[in-house]
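The primary structure of each chain is shown beneath.
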Amino acid sequence: MTDNAMARFQVEGMSCASCVGRVERALGAVPGVNSASVNLASESAQVSFSAPATVAQLVDALGDAGYPAATDEITLDVEEMSCASCVGRVERALKAGDGVLDASVNLAAETATVRYASGATTPADIAALAAAAGYPARVRAAESPDREDRKADEIRQLAQRTLLAAALALPVFVIEMGSHVIPGMHHLVAGAIGVQNSYYLQFLLTTVVLFGPGLQFYTKGFPALFKGAPDMNSLVALGTAAAYGFSLVSTFAPEVLPEGTANVYYEAAAVIVVLILLGRLLEARAKGRTGEAIRKLVGLQARTARVERDGAVVERPIDEIVVGDVIHVRPGEKIAVDGQVLGGSSYVDESMITGEPVPVEKTEGAQVVGGTVNGAGALTFRAEKVGADTMLSQIIRMVEQAQGAKLPIQGMVDRVTLWFVPAVMAVAALTVVAWLLVGPDPALSLALVAGVAVLIIACPCAMGLATPTSIMVGTGRAAEMGVLFRKGDALQMLQESTVVALDKTGTLTAGRPELTDLVTPEGMDEAEVLRLVAAVEATSEHPIAEAILRAAEVRGLSLPKVEDFESLTGFGVRASVEGREVLVGADRLMNREDVEMGELSGRSKDLAANGKTPLFAAIDGRIAAVIAVADPIKPTTPDAIAALHDLGLKVVMITGDNRVTAEAIARELGIDEVRAEVLPEGKVAALDSLRAEGGKLAFVGDGINDAPALAAADVGIAIGTGTDVAIEAADVVLMSGDLNGVVNAFGISKRTMRNIRQNLFWAFGYNTLLIPVAAGVLYPFGGPLLSPMLAAGAMALSSVFVLSNALRLRWVRPAMGGAGAAEAAKHRELRAAPAE
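- Within an unreviewed UniProt entry, the label attached to the protein reads Heavy metal translocating P-type ATPase, and the organism entered is Ruegeria sediminis.
- In UniProt, the protein has this text filed under Sequence similarities (unreviewed entry): "Belongs to the cation transport ATPase (P-type) (TC 3.A.3) family. Type IB subfamily."

The structure is reproduced here in structure tokens:
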């Protein structure tokens, strides 16, 4: 195990915010655990740990706390085992893998059975462990169900339990509540079966409800209560048990109760179970939709690929592809893994990864990315990254980490919910005592109703779901727009930022200089001058020289042979071309060689004032041209800067360019402040000075040479190029190569945080307002005494409201530009069906 390893678990049995706190404390108590973040919405735990902690210890800690980690089991077909020592080596290799709990190898069957913690590793990664030990392994087709399958099973079982409970509770509800609401119903029941017999029937049906579909509340709630760590199940168990127990006494031993208080509340206990089961069913269905973004990203992966094996091209599952395999891609097929093109020519649609809508040409030597869609041509490429190393897998991993993160705002929720359930139980107890002491007759019955209502209505489900559901949906939607939040807290920090600092080269501009102007004096042919200058610059690797060469290529100019080339350090270059002496360099070179620049001197100043870099060319001692080279501003930059201003942000440009050029670009784009002539190592100091002026600061760089500044900013945003996704220094990675992604990142951050605040306001407001109502504070003033059944319904609806509100983030539209990742794939794949 490496230092600071990261493990992810699917955790079973969590039902409310207090469960989250207990799981985190259980994991944090394991020696070696650095941090543990538990997400109620995804029912997962994300743990950062180092030695001596192991995955097995973490799984044990979860089990001891009463929240077991979900485990799966797979079977591998293992090759090249020949003896018992091979068995031992394979078992050791498998057991050493992060997430693997146990492994058993069968030499005769050439198989390995592996049990692992769901979410901590994948079947493909487990197979890779055996392959790395020298024993190629493949996962058998019939695998254990993934989280989606388990979630579907959970929903199906919950639906069955809810329907059964409802069917049994309905007669109880009709008999008891109908007698209070429908005139003549009480006499009808008494005459048909008798009041006492109706009690026996209600007792029978309610008992089946509580100890059938509702048994989970007692098997989980009472043990947690006896451990001194009550949770939501404890509140439900106590409330329903109180109503059921009082009803039992009223049915079978009414004489022990004060006269006039022997009432039954079977309907309350039964309907509470039905409503809470219904609420959990609706929650489970909504939770399933919160992970939609991950499923879309996983759906981008190819399932099979055509691989060269033993001289033939055969179709193999993607899990069987290894580095070095040669893969054939037909027109319209998905690229299976990352690699380098060996042959063929085609255009590949990379919009689902980069967000760029124009297909990219791929020829020999080009890089291809798994999950992208091939166009009309055929390609052959060598696999370079497979399994967890592919870019798409990295993107999925980033999204999962962001979804499992805990924002600073969640700290407040955790502190409240830590004591919330015990406080609710205390309030319920005080409510019962108060009604017994000062309540009207029948005080005992009223005390029971109020106490049970407090217990039921105060379940902190909505509090626990308020933040993680919004994070899951928000970060997932961001990924579909090409915005990857590598660190979860960046989601909150970004919307708190007041300043956004932008690197110039590669961020505001294309990062590749282009020739923009070539001005010649009277009597000089522009094409001829460019032909001679480009010939001289062809021997240089300077970016400006490359810009001049590209301009000559665009015009189709053929370059003559160059002789006597001489580099004049600090001035320029000199060479002989077709018997003519050519000079190319700055104005100081012309002055040194006594070349009269004439009117071109004034033109060069105008070009410099417009943010361009001027050079001069002289032929045979006579001025021939002033050449302007500039790093062109990306077409999307001006609108993106305006959009950042509309969001209320101060925009600052940080660049190593000279101040005149930098200020010219800033004027053109409307940038608020310029920090020019900053060396790469000085960017951190520039950020510190900006931060000292007040407010949080986001820095946007190209993710290649801006790592120190990305790390130093409150939020580092790296503009990706499609190949540098795993930028460790950045908090946010943009798949597109322009500033539209920055605007989208700020937009989704603001929308998500607004959504979280709405959820928290509802969750806390709901409990704050309705607990006193449930306790009966309005009753003395003619107000209602809240029925425990209504309390259960309100509690369930509160959680459903929070989940539904969070799911609205699925429909957030990009603030600017197109979408990336899975969003574009929905449209592209309709056109790119595999060839027959």
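This is not the end of the story, as more comes after the structure.
## Digging into the sheet that holds strand S3 (residues 44–49)
For step 1, the next point in the chain: Judged by pairing direction, the sheet is antiparallel, and its three strands sit side by side in the order S1-S3-S2 without closing on themselves. Single-partner strands in this sheet number two, and they are strand S1 (5–10) and strand S2 (33–39). With direction set aside, neighbouring strand axes in the sheet form an average angle of 15°.
For step 2, the next point in the chain: With six bridges joining them, S2 and S3 adopt antiparallel strand pairing. Within the sheet, the bridge partner assigned to serine 35 lies in S3 and is serine 48.
For step 3, the next point in the chain: Taken strand by strand, helix H1 (residues 17–28) contacts S2 and S3, and its axis lies near 160° from that of S2.
For step 4, the next point in the chain: Helix H2 (residues 55–64) rests against S1, S2 and S3 of the sheet, and its axis sits at about 35° to S1.

## Some details on the packing of aromatic side chains
What characterises a pair of aromatic rings is the spacing of the ring centres plus the angle enclosed by the ring planes.
For step 1, the next point in the chain: Applying the stated criterion to the full structure yields 11 aromatic pairs.
For step 2, the next point in the chain: Ring geometry for phenylalanine 203 against phenylalanine 252: centres 5.2 Å apart, planes inclined by 85°, an arrangement best described as edge-to-face. Of the two residues, phenylalanine 203 sits in helix H7 (residues 195–211) while phenylalanine 252 sits in helix H9 (residues 232–252), which places them 49 residues apart along the sequence.
For step 3, the next point in the chain: The class of phenylalanine 203 is partly exposed, set by a relative accessible area of 24%.
For step 4, the next point in the chain: Residue class for phenylalanine 252 comes out partly exposed when judged on its relative accessible area of 46%.
For step 5, the next point in the chain: Between the aromatic rings of tyrosine 218 and phenylalanine 222, the centroid separation amounts to 5.8 Å while the plane-to-plane angle is 25°, which identifies the pairing as stacked. Placement of both tyrosine 218 and phenylalanine 222 in helix H8 (residues 215–226) is noted, with a separation of four residues, approximately one turn of the helix.
For step 6, the next point in the chain: Exposure remark for phenylalanine 222: the relative accessible area of 22% places this residue in the partly exposed category.
For step 7, the next point in the chain: Following the ring pairs from residue to residue traces out a cluster consisting of Tyr200, Phe203, Phe211, Tyr218, Phe222, Phe226, Tyr244, Phe252 and Tyr266.
For step 8, the next point in the chain: For arginine 592, the ring lying beneath its charged end belongs to phenylalanine 571, and the centroid distance is 4.7 Å.

## Here's the deal with the packing of helix H15 (residues 443–457) against helix H27 (residues 740–775)
For step 1, the next point in the chain: Closest axis-to-axis distance for the H15/H27 pair is 8 Å, and the angle between their directions is 165°. In terms of their interaxial angle, H15 and H27 are classed as roughly antiparallel. By crossing handedness, the relation of H15 to H27 is classed as right-handed. Residue-level inspection shows Ala450, Ala453, Val454 and Ile457 of H15 in contact with H27, the latter providing Tyr766, Asn767, Leu770, Ile771, Ala774 and Ala775.
For step 2, the next point in the chain: Split by residue class, the contact of H15 with H27 holds nine nonpolar, one polar and no charged.

## A look at the packing of helix H19 (residues 526–537) against helix H20 (residues 543–554)
For step 1, the next point in the chain: In contact at an axis separation of 9 Å, H19 and H20 are set at 135° when each is read in the N-to-C sense. By the angle between their directions, the pair H19 and H20 is classed as oblique. Both H19 and H20 take part in a crossing whose hand is left-handed. For the pair formed by H19 and H20, the contact residues are Leu530, Val533, Ala534 and Glu537 on the first element and Ala545, Ile548, Leu549, Ala551 and Ala552 on the second.
For step 2, the next point in the chain: For the contact of H19 with H20, the per-class residue count stands at eight nonpolar, no polar and one charged.

## Examining the environment of alanine 466
For step 1, the next point in the chain: Mapped onto the elements, alanine 466 comes out in helix H16 (residues 461–480).
For step 2, the next point in the chain: According to the relative accessible area criterion, alanine 466 is buried, its value standing at 0%.
For step 3, the next point in the chain: Here the alpha-carbon distance between alanine 466 and isoleucine 756, two residues 290 residues apart in the chain, equals 6.2 Å.
For step 4, the next point in the chain: The contact partners of alanine 466, leaving out residues within four places of it in the chain, are Ile756, Asn759, Leu760 and Val802.

## A few points about the nonpolar core
For step 1, the next point in the chain: Counting 150 residues, the largest nonpolar core has Phe9, Phe49, Ile276, Phe485, Ile717, Leu739 and Phe746 as the members making the most contacts within it.
For step 2, the next point in the chain: Element by element, the count of residues in this core is highest for H27, at 14 residues.
For step 3, the next point in the chain: Residues in contact with phenylalanine 746, not counting those within four places in the same chain, are Leu494, Ser497, Val500, Leu644, Leu647, Leu649, Ala698 and Ile717.

## What about the pairing of strand S8 (residues 304–309)?
For step 1, the next point in the chain: Only one face of S8 is covered, namely the one carrying Ala305, Val307 and Arg309; the face carrying Thr304, Arg306 and Glu308 has none of its residues buried.
For step 2, the next point in the chain: With six bridges connecting them, S8 and strand S9 (residues 312–317) associate as antiparallel partners. Residue pairing for S9: arginine 306 is matched across the bridge by glutamate 315.
For step 3, the next point in the chain: The hairpin turn running from S8 into S9, its antiparallel successor, is two residues long, and aspartate 310 in that turn takes a positive phi close to 55°.
For step 4, the next point in the chain: Pairing of S8 with strand S10 (residues 326–329) involves two bridges; the strand directions are antiparallel.

## Quick look at the sheet that holds S9
For step 1, the next point in the chain: With antiparallel pairing, the six strands of this open sheet are ordered in space as S9-S8-S10-S16-S11-S14. Strands with a single pairing partner mark the edges of an open sheet, and in this sheet they are S9 and strand S14 (367–368).

## Some details on the side chain of glutamine 216
For step 1, the next point in the chain: For glutamine 216, the position within the fold is in helix H8.
For step 2, the next point in the chain: Given a relative accessible area of 17%, glutamine 216 falls into the buried group.
For step 3, the next point in the chain: Among all residues touching glutamine 216, those that are not within four sequence positions of it are Arg161, Gly221, Leu277 and Arg280.

## Quick look at unusual backbone geometry
Of all residues except glycine, most have a negative phi; of all peptide bonds, most are trans.
For step 1, the next point in the chain: For the bond from alanine 51 to proline 52, the omega torsion is 10°, close enough to zero to count as cis.
For step 2, the next point in the chain: A positive phi angle, close to 55°, is found at aspartate 310, a residue other than glycine.
For step 3, the next point in the chain: Structurally, aspartate 310 is set in the loop between S8 and S9.
For step 4, the next point in the chain: Overall, the relative accessible area of 85% leaves aspartate 310 in the exposed class.
For step 5, the next point in the chain: Here the phi dihedral of aspartate 594 falls at roughly 55°; this positive angle occurs in a residue that is not glycine.
For step 6, the next point in the chain: Looking at where aspartate 594 falls in the secondary structure, it is placed in the loop between helix H21 (587–592) and helix H22 (600–609).
For step 7, the next point in the chain: The exposure class of aspartate 594 is exposed, given its relative accessible area of 69%.

## Quick word on the pattern of salt bridges
For step 1, the next point in the chain: Under the definition given, this model contains 27 salt bridges.
For step 2, the next point in the chain: A salt bridge links aspartate 503 to lysine 683, with the shortest nitrogen-to-oxygen separation between them at 2.9 Å. Within this pair, whereas aspartate 503 is found in strand S18 (residues 497–503), its partner lysine 683 is found in helix H25 (residues 683–692), the two being separated by 180 residues in sequence.
For step 3, the next point in the chain: With relative accessibility at 6%, the residue aspartate 503 sits in the buried group.
For step 4, the next point in the chain: Accessibility expressed as a relative area gives 8% for lysine 683, which makes it buried.

## What to know about H2
For step 1, the next point in the chain: Buried within H2 are the following residues: Val55, Leu58, Val59, Ala61 and Leu62. Seen along its axis, H2 keeps its buried residues to an arc of 160°; they face one direction.
For step 2, the next point in the chain: On its buried face, H2 is in contact with S1, H1, S2, S3, strand S5 (100–106) and strand S6 (111–117).
For step 3, the next point in the chain: Immediately downstream of H2, the backbone of glycine 66 shows phi near 90°, a positive value.

## Notes on the UniProt feature "transmembrane region" (unreviewed entry) in the protein
For step 1, the next point in the chain: UniProt records the feature "transmembrane region" (unreviewed entry) at residues 158–179, 199–219, 231–252, 264–282, 416–438, 444–467, 760–779 and 785–807, using the numbering of this structure.
For step 2, the next point in the chain: Within residues 199–219, the helical portion is 86% and the strand portion 0%, while the C-alpha atoms at the span's ends are 26 Å from each other.
For step 3, the next point in the chain: Segment residues 760–779 splits into 80% helix and 0% strand. End C-alpha atoms: 28 Å apart.

Basis of the calculations
Residues numbered from 1 in each chain as written. Predicted model: local features only at pLDDT ≥ 70, side-chain atom pairs only at ≥ 80, totals over all residues. Heavy atoms only, no water. UniProt positions renumbered as here; feature names shortened; annotations may be inferred. Pairing = 2+ DSSP bridges. Helix = DSSP H or I, 4+ residues; strand = E, 2+ residues; numbered from the N terminus. Axes fitted to C-alpha atoms, helices over the stretch in contact; angles between N-to-C directions. Contact = heavy atoms within 4.5 Å. Phe/Tyr/Trp six-rings, centres within 6.5 Å; stacked < 30°, edge-to-face > 60°. Buried < 20%, exposed > 50% of the residue type's maximum accessible area, 1.4 Å probe, protein only. Lys NZ or Arg CZ within 6 Å of the ring centre and 35° of its normal. Parallel < 35°, antiparallel > 145°, perpendicular 65-115°, else oblique. Left-handed = near helix turned anticlockwise from the far one by under 90°. Nonpolar A, V, L, I, M, F, W, Y, C, P; charged D, E, K, R; others polar. Core = buried A, V, L, I, M, F, W, Y, C linked by side-chain atoms within 4.5 Å. Salt bridge = Lys/Arg side-chain N within 4 Å of Asp/Glu carboxyl O. Arc of directions from axis to C-beta.

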